[in-house]
Amino acid sequence: MASSSYHEYEISTRMILTAEKIKKVFALDKQNIIALDDVSFQINEGEFFTLIGPSGCGKSTLLRIIGGLEKQTSGTLNFDKVVKIGFVFQHYGLFPFLSVFENIAFGLKMEGIEEKKIRQIVDELIEEVELVGFEDKHPKELSGGMKQRVGIARSLAISPDILLLDEPFSALDEFTAETLRKLLIRLWQKRKFTIILITHLIKEAGELSDRIAVMTAAPGKVETTIEDHLPRPRNPRSKEFYSLEDKLTQLIKPE
Ligand SMILES: Nc1ncnc2c1ncn2[C@@H]1O[C@H](COP(=O)(O)OP(=O)(O)OP(=O)(O)O)[C@@H](O)[C@H]1O
Ligand SMILES: [Mg+2]
């Protein structure tokens, strides 16, 4: 493991993902859209990495490429090992005809895990995301916040190495969003996976991340990456937090 010698016990600097010159061109009838233009970055194992940028800069496209849902036009993605990837979507993406329990169990069933083990894993997750008593409900009976709790639990059921989240809280009211941000941090600290989060909210990025990559408007590029070393839990009313917000605001909207 290539760790900085001094912080050897605290900080893993082992790369889990390196993206080099990722380019994505969508060929439409009359024109080509360059969604991503030579995007490069590296992500460390266990890191909370956030991509922030304006609407249309290619954030979702980049996440879909990392998740294998889409293929880049050119450039390379190198994973350190064979990784399992979990996905959390903005609009939950739950199966409407399955119960909370069955939604969370879905990936495990696909992997052919035995019934008893599935029950154990799913029961534990239901406790962690605080949905005890809702196991047999269907998505239409749940609030938005509860649906996203199911979405998060479902993505974690397969014990992913990397969790990809595409604006996971932006369909929720701010109070619910804040509760779920705290839940995500608790799960990440306990389970120690790598997170790649997409957001357009500066405060959300500052509150959650170890490192924030700022993307520019179309065609998307990673312009700057900044480190967020503020102690956790973060205090969004601290002087340091305001100064981080200012820095990000400047980077996203240069005058
Ligand atoms: N399947 C597709 N076919 C054609 N163009 C696409 C496709 N998917 C995305 N694009 C285009 O690529 C660009 C980037 O889109 P993308 O959805 O990745 O942006 P985004 O940063 O996630 O935006 P938002 O913040 O609004 O979610 C846009 O110009 C979009 O129109
Ligand atoms: Mg998007």
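Because the structure is a prediction, the values reported are computed rather than measured.

(A) Broad picture of the sheet that holds strand β9 (residues 222–227). Sheet architecture is open: 6 strands sit in the order β5-β6-β7-β3-β8-β9, paired in mixed fashion. Across the chains shown, the open sheet's two edge strands, defined by having one partner strand only, are β5 (85–88) and β9. Geometrically, the sheet is characterised by an average inter-axis angle of 15° between neighbouring strands, direction not taken into account. The strands that helix α5 (residues 174–191) touches are β3 (48–52), β6 (162–166) and β7 (194–199); relative to β3, the one it contacts most, it runs at about 140°. Each of β3, β8 (211–215) and β9 touches helix α7 (residues 239–252); the most contacted strand, β9, lies at about 175° to it.

(B) Inspection of the environment of lysine 182 at higher detail. With respect to the helices and strands, the residue lysine 182 is situated in helix α5. Take lysine 182: its relative accessible area is 45%, and that puts it in the partly exposed class. Considered as a pair, lysine 182 and proline 233 are 51 residues apart in the sequence and their alpha carbons are 8.9 Å apart.

(C) Spatial organisation of the domain arrangement of the protein. Segmentation of the protein into domains returns domain 1 (14–83 + 161–170 + 191–255) and domain 2 (92–159). In this structure, domain 1 and domain 2 have C-alpha centres spaced 27 Å apart. Opposite the 6 residues of domain 1 that make contact, domain 2 presents 8 residues. Each partner contributes to the roughly 550 Å² buried at the junction of domain 1 and domain 2, and carbon and sulfur atoms together form 55% of this total. If you sort the residues of domain 1 by the area they bury against domain 2, Leu163, Pro168 and Arg191 come out on top, with a joint share of 71%. In this structure, the connection of domain 1 to domain 2 is made through 2 residue pairs in polar contact (both at pLDDT 80 or more). A class-by-class count of the residues in the side of domain 1 that touches domain 2 yields 4 nonpolar, no polar and 2 charged.

(D) Fine view of the sheet that holds strand β2 (residues 32–44). On the basis of which strands lie adjacent, the open sheet formed by 3 strands has the order β2-β1-β4 and antiparallel pairing. The sheet terminates laterally at β2 and β4 (74–79), the two strands that pair on one side only. This sheet shows a mean twist of 15° between the axes of neighbouring strands, independent of strand direction. Strand direction decides the pairing type here: strand β1 (residues 15–27) and β2, joined by 9 bridges, are antiparallel. Each residue of the ladder has a partner; that of threonine 18, found in β2, is glutamine 42.

(E) Representation of the site of ligand 1. Taken together, 13 residues lie near ligand 1, and Ser55, Gly56, Lys59, Ser60 and Thr61 sit nearest. Glycine 58 places a main-chain nitrogen or oxygen 3.0 Å from an oxygen atom of ligand 1. A total of 640 Å² of accessible area belongs to ligand 1 in isolation, and the protein chains cover 61% of it. At the level of elements, β2 and α1 (59–66) are the ones that each hand at least two residues to the shell around ligand 1. Looking at the shell around ligand 1 element by element, the count peaks at 3 residues for α1. Grouping the constituent residues of the shell around ligand 1 by class yields 6 nonpolar, 5 polar and 2 charged.

How each quantity is defined
- Residues numbered from 1 in each chain as written.
- Chains lettered and ligands numbered in written order.
- Predicted model: local features only at pLDDT ≥ 70, side-chain atom pairs only at ≥ 80, totals over all residues.
- Heavy atoms only, no water.
- Pairing = 2+ DSSP bridges.
- Helix = DSSP H or I, 4+ residues; strand = E, 2+ residues; numbered from the N terminus.
- Axes fitted to C-alpha atoms, helices over the stretch in contact; angles between N-to-C directions.
- Contact = heavy atoms within 4.5 Å.
- Buried < 20%, exposed > 50% of the residue type's maximum accessible area, 1.4 Å probe, protein only.
- Domains from an automatic or database assignment.
- Buried area = accessible area lost by both parts, 1.4 Å probe.
- Polar contact = N/O pair within 3.5 Å; in protein donor to acceptor, adjacent residues only side chain to side chain.
- Nonpolar A, V, L, I, M, F, W, Y, C, P; charged D, E, K, R; others polar.
- Near = heavy atom within 4 Å.
- Areas by Shrake-Rupley, 256 points an atom, 1.4 Å probe, with all protein chains shown as cover.

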